[in-house]
Amino acid sequence: RMLTGGVGVGCRVDGLSHFKRLCKLVSPWCQLRSASLASAAPTLTAPVVPPGRRPPPAGWTPVLHSHDVKTIAAQAQQFGTDATFWSEHTRTIAILHGLFGSGRNWRSVGSALGKALAERDTQHSWRVVLVDQRCHGASTQAYDAPAPHTLDASAEDVADFFEKSGIEPDILLGHSLGGKVALAYLDGDKRVMPKCTFVLDSAPFSKHDCPDLGDLHGTFSTLNVLRELPDVVPSRKWLHDTLAPRGMSVDLINWLGTNLVAPEGQGSPEPMVWQWNFAGCESLFQSYVDTCHWETLTRSANSSDASAELVIAQRTFDDWPANQKARLSSLPSHAHHVLPKSGHWLHVDNPKGLVELLMARICDKMSIP
């Protein structure tokens, strides 16, 4: 009421004139007070952030945000008391998603794991990095991945990302397609090797080892249906109405729908386009089923420097061919695990059990009390 001359809002002109006079009166005092505070306060400087990187705001944020840096996309979040994203006291978990997925599929488990480790490890903060592999997610816009689209090429992308971001992974997790990409990463030269790699429900064998394997995780039948879909999808309801009669579950349809985005610059949320390179994804899956990584897994599982461990979902393991189950004997007992109450999407079926298993193994490998 002081600013409006003690009258109601009906006297708008009179109130505005009072307000202008008040501003003239207090302006010199405000300037003097501001200068006084500035001289008395310590100088504050922004943290030094390397080019192309940014300090961590709350929540998930892109790791590299410069358009001049050509590499795959990733998002990260920091957990713990150390607020410096690039501190030497920060340990890193990098997660590689599966076919037709993206890094954001792992936000829930990534957050749970990061928080649990930061609470347990009082000497370090923990950073969780969710990578979008080539032909998937945000990497379809950030990086025009050249053919051929293979496990080795994807592993090279991951190595290039680590080099350009300055991130050195302490722990590498890969699910399904990402699990074999992680193993391909371990096969490379002149790479920063993680202390431990976890291969999550990823078959280390090839289709040549198991000619009677059948439809692996239902992927072949899913690919056949997806090939018939248009590049532009009218709506999510249309997607459901189209795929449900083909026998797809609501959960699978909803998950596939996470890859739909509105075209850039479009004013409305629909229609939508796919955020993947479908032909590239097909090639990656072909490389997945053609490649046997038992040798890499066995060698790494027995390594004390850059070890690897296999985590298999219970329902997946039940369907493993007998000759491949027998090969698990080549791995140390601590290097293979079966996660109960879970299928191929083990991070959705049993996230609590998965986080507890990973926590126990990571704390053991990293000597966290």
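Everything numeric here is computed off the predicted structure, so don't read it as measured data.

1. Considerations on the overall build of the chain
Then, number 1: Per the secondary structure count, the chain includes 14 helices and 11 strands.
Then, number 2: Taking all 369 residues of the chain together, the buried fraction comes to 48%.
Then, number 3: Considering only residue pairs separated by 6 or more positions, the chain has 74% of its internal contacts joining residues 24 or more positions apart.

2. Some points on the sheet that holds strand β7 (residues 232-233)
Then, number 1: In spatial order, the strands read β7-β9-β8; together these 3 strands make up an open sheet with antiparallel pairing. The open sheet has two edge strands with one neighbour each: β7 and β8 (260-261).
Then, number 2: Sheet analysis places β8 next to strand β9 (residues 272-274), joined by 2 bridges and oriented antiparallel. The residue of β9 that forms the bridge with valine 261 is valine 273.

3. Focus: the packing of helix α4 (residues 151-165) against helix α5 (residues 177-186)
Then, number 1: Axis separation between α4 and α5 bottoms out at 8 Å; the angle between their running directions is 70°. If you check the angle between α4 and α5, you find them roughly perpendicular. The residues of α5 that touch α4, namely those facing Leu151, Asp152, Ser154, Ala155, Val158, Ala159 and Phe162, are Leu177, Lys180, Val181, Ala184 and Tyr185.
Then, number 2: Here the residues of the contact of α4 with α5 sort into 9 nonpolar, 1 polar and 2 charged.

4. Considering empty space enclosed by the protein
By rolling a water-sized probe across the atoms, one finds the places where empty space is left.
Then, number 1: Within the structure shown, the criterion is met by 1 cavity of 30 Å³ or more.
Then, number 2: In this model, the largest cavity occupies a volume close to 40 Å³.
Then, number 3: Its residues assigned to classes, the lining of the largest cavity comprises 6 nonpolar, 1 polar and 2 charged.

5. Considerations on the side chain of serine 165
Then, number 1: Looking at where serine 165 falls in the secondary structure, it is placed in helix α4.
Then, number 2: In terms of polar contacts, serine 165 uses its side chain to reach the backbone carbonyl oxygen of phenylalanine 161, at 2.8 Å.
Then, number 3: Engagement of the side chain of serine 165 in a polar contact is seen with the backbone oxygen of phenylalanine 162, the distance being 3.4 Å.

6. Let's talk about the nonpolar core
Where a protein is soluble and globular, its nonpolar side chains tend to be buried together.
Then, number 1: With 67 residues, the main nonpolar core has Phe100 and Phe161 as its most contacted residues.
Then, number 2: Of the residues forming this core, the biggest block, 7 residues, is contributed by α5.
Then, number 3: In this view, phenylalanine 100 contacts His136, Leu223, Leu226, Trp255, Asn259, Trp276, Phe278 and Cys281; residues no more than four positions away in its chain are not counted.
Then, number 4: Leu117, Leu173, Leu346 and Ile368 belong to the second-largest nonpolar core, a separate cluster that totals 30 residues.

Analysis parameters
- Along each chain, the written sequence defines residue order, and numbers are assigned to residues from 1.
- The predicted nature of this model means local features are confined to residues of pLDDT at least 70 and side-chain atom pairs, given and counted, to a pLDDT of 80 or more, with totals for whole chains, interfaces and linings taken over all residues.
- The side-chain figures draw on all heavy atoms in the structure; neither hydrogens nor water molecules are used.
- Helical segments are the DSSP runs of H or I of at least four residues, strand segments are the runs of E of at least two, and each set is numbered from the N terminus.
- Only protein chains enter the accessibility calculation, which uses a 1.4 Å probe; a residue is then buried when its area is under 20% of its type maximum, exposed when over 50%, and partly exposed in between.
- Note on definitions: a residue-residue contact is assigned when non-hydrogen atoms from the two residues lie within 4.5 Å.
- Strand pairing follows a simple DSSP-based rule, namely that at least 2 bridges must link the two strands.
- Lines fitted to C-alpha atoms define the axes, with helix axes restricted to the stretch in contact, and inter-axis angles between N-to-C directions lie between 0 and 180 degrees.
- Oblique is the label for every angle not falling under 35 degrees (roughly parallel), over 145 degrees (roughly antiparallel), or within 65 to 115 degrees (roughly perpendicular).
- Side-chain classes are defined by residue name, with Ala, Val, Leu, Ile, Met, Phe, Trp, Tyr, Cys and Pro counting as nonpolar, Asp, Glu, Lys and Arg as charged, and the others, Gly among them, as polar.
- Computed over the protein atoms alone on a 1 Å grid, cavities are sets of points where a 1.4 Å probe fits but cannot get out and pockets are open sets with protein on both sides within 12 Å along at least five of seven lines; a residue lines them when it has an atom within 4 Å of a point.
- Grid points are joined across faces, edges and corners, and a volume is the space filled by probe spheres set on the points.
- Here a polar contact is recorded for every N or O atom pair within 3.5 Å, except that within protein the pair must consist of a potential hydrogen donor and a potential acceptor, and residues adjacent in sequence are included only if both atoms are side-chain atoms.
- Within this scheme, the nonpolar core is defined by two criteria: the residues are buried Ala, Val, Leu, Ile, Met, Phe, Trp, Tyr or Cys, and they are joined through side-chain atoms within 4.5 Å.

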